[in-house]
Amino acid sequence: MLLILLMVGGLVTGCGGEEQALDHGTDENGDEQVDPTEAYRIVTLAPALTQIIWDIGLGHRIVGVANMDNVAAEGVPAVGNFNDLNYERLVTLKPTHVFMMSTSQGVPPRLSELARSQDFGLFVYPYPDNVDDILRIIYAGPDDPESAASVPVDVGTALGYETEARNVYIRLLARLSELKNLLEDQPRPRVLMVIGVTPDTMASGPDTVLDNTLTWFCNAENAAGEATVQAPRYDREQLLVMNPDVIVLILPNDPPLAPLDSEPRLAAFRGLDITAVNEGRITLIRDPLATLPSSAQAKVAAMLAKAVHPEMAEQIDQVMAGRGPESSVAPDSVDDPETADESDAVTP
């Protein structure tokens, strides 16, 4: 994994070198302290990074996001998309840090130029292929040579919030590890994860965060795991041959499922003689975070696990709340967002 980092100048000055006001306080000895995050003006161009920054405690410093970012606080201005940035609006926000995930096209040259001319830090991470990639973006620990080589500046370090980022890292890894241990003796069904329904059924294939989450932590096989692309498409004949045991539609913000015989999103499966249809094992996950490779991945894993192993739902909730038999981190509050989910099963 390669991270491109552009750091030009200091982070305490704004556009044009204008000094920004800092919040001064005193410690227990009466000595003056300055919180450097008071000067932060963060722009995130990927909702997954917005979620990570919120979870480490600096979401209130985000002043700009990409279009369709459902994680950001209400009213935060959008500055366009990765391939269509509104550079003028970005400049008016006077960012100190800009975070983004790259594609094969790399960093837009104009954005790199602005980082130099407007004196802000530009942090660019490759899109994660697995949970390890997410963890390294959050916190690349100094004791892990592979992390240091792949992500030289993680989000926590970039923002001077290493301790907070490390706590998020530990909590995420602990929840996922506990979930894996809980389910390791359960049957291992073949699961088709559907991420698109038109014109053909699009699935989450190999070398994706969802594939890694399902197969490694939820004790299931990815029915599309042998595909040659990350997002394979299937017609009805191919679905019949595939014959998955479970079908999980992962469609963030979609409405609940209607019965199979009247639900347009299930048209490709209607009448198919496959196990998932015959046994009514079709579930929709519509949580806004479901497809974001972020610090909320334990929540996504829990939703997947309950769709695959519904008989274990209560124990899965206990693990996610930090009350499992092997929990190594403090329990979460009862209203912790990681213990909730937005999913439902189809009525046959």
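None of the values given here were measured: they were computed from a predicted structure. Within every chain, residues take consecutive numbers counted from 1 along the sequence as written. The predicted nature of this model means local features are confined to residues of pLDDT at least 70 and side-chain atom pairs, given and counted, to a pLDDT of 80 or more, with totals for whole chains, interfaces and linings taken over all residues. Values reported for side chains reflect all heavy atoms of the structure, with hydrogen atoms and water molecules removed beforehand.

> I'd like a description of the confidence of the model for the protein chain, backed by residues and values.
pLDDT measures the predictor's confidence residue by residue and takes values from 0 up to 100. Averaged over all residues, the pLDDT of the protein chain equals 86, while 80% of them reach at least 70. For this analysis, residues touch if any pair of their heavy atoms sits within 4.5 Å. Here residues 1-24 scores under 50 on pLDDT; set against residues more than four positions off or in separate chains, the count is 63 contacts.

> I'd like a description of the environment of proline 36, backed by residues and values.
Considering the arrangement of structural elements, one finds proline 36 in the loop between strand E3 (32-34) and strand E4 (42-44). Residue proline 36 is classed as partly exposed on the basis of its relative accessible area, which comes to 45%. Along the sequence, proline 36 and glycine 160 sit 124 residues apart, while their C-alpha atoms lie 8.6 Å from each other. In this description a helix means any DSSP run of H or I spanning at least four residues, a strand means any run of E spanning at least two, and both kinds are numbered starting from the N terminus. When a residue's accessible area, from a 1.4 Å probe over protein chains only, is under 20% of the maximum for its type it is buried; when over 50% it is exposed; and in between it is partly exposed.

> Please provide a residue-by-residue account of the pattern of salt bridges, values included.
Here a salt bridge means any side-chain nitrogen of Lys or Arg lying within 4 Å of a carboxyl oxygen belonging to Asp or Glu. In this structure the tally under the stated criterion is seven salt bridges. A salt bridge links glutamate 38 to arginine 61; the nearest nitrogen and oxygen atoms lie 2.8 Å apart. Within this pair, whereas glutamate 38 is found in the loop between E3 and E4, its partner arginine 61 is found in the loop between helix H1 (47-55) and strand E5 (62-65), the two being separated by 23 residues in sequence. For the salt bridge of arginine 188 with glutamate 221, the shortest nitrogen-to-oxygen distance reads 2.6 Å.

> Talk me through the layout of surface pockets; I want residue IDs and the actual numbers.
A probe matching the size of a water molecule, rolled over the atoms, marks out where space remains unfilled. Here a cavity denotes grid points, spaced 1 Å and computed from the protein atoms alone, that fit a 1.4 Å probe unable to get out, and a pocket denotes an open set having protein on both sides within 12 Å along at least 5 of 7 lines; residues with an atom within 4 Å of a point are the lining. Grid points are joined across faces, edges and corners, and a volume is the space filled by probe spheres set on the points. Considered as a void within the structure, the largest pocket measures approximately 670 Å³ in volume. Sorting the residues of the lining of the largest pocket by element identifies H1 and helix H8 (209-217) as the ones contributing at least two each. Here the nonpolar group is Ala, Val, Leu, Ile, Met, Phe, Trp, Tyr, Cys and Pro; Asp, Glu, Lys and Arg are the charged ones; every other residue, Gly included, is treated as polar. Its residues assigned to classes, the lining of the largest pocket comprises 19 nonpolar, eight polar and two charged.

> Can you lay out unusual backbone geometry for me, pointing to particular residues and giving the numbers?
Most peptide bonds are trans, and most residues other than glycine sit at a negative phi. Residues threonine 198 and proline 199 are joined by a peptide bond in cis, for which omega reads -5 degrees. Within the secondary structure, proline 199 is located in the loop between strand E10 (190-196) and strand E11 (201-203). With phi around 65 degrees, methionine 68 is a residue other than glycine that occupies positive phi space. With respect to the helices and strands, the residue methionine 68 is situated in the loop between E5 and strand E6 (80-81).

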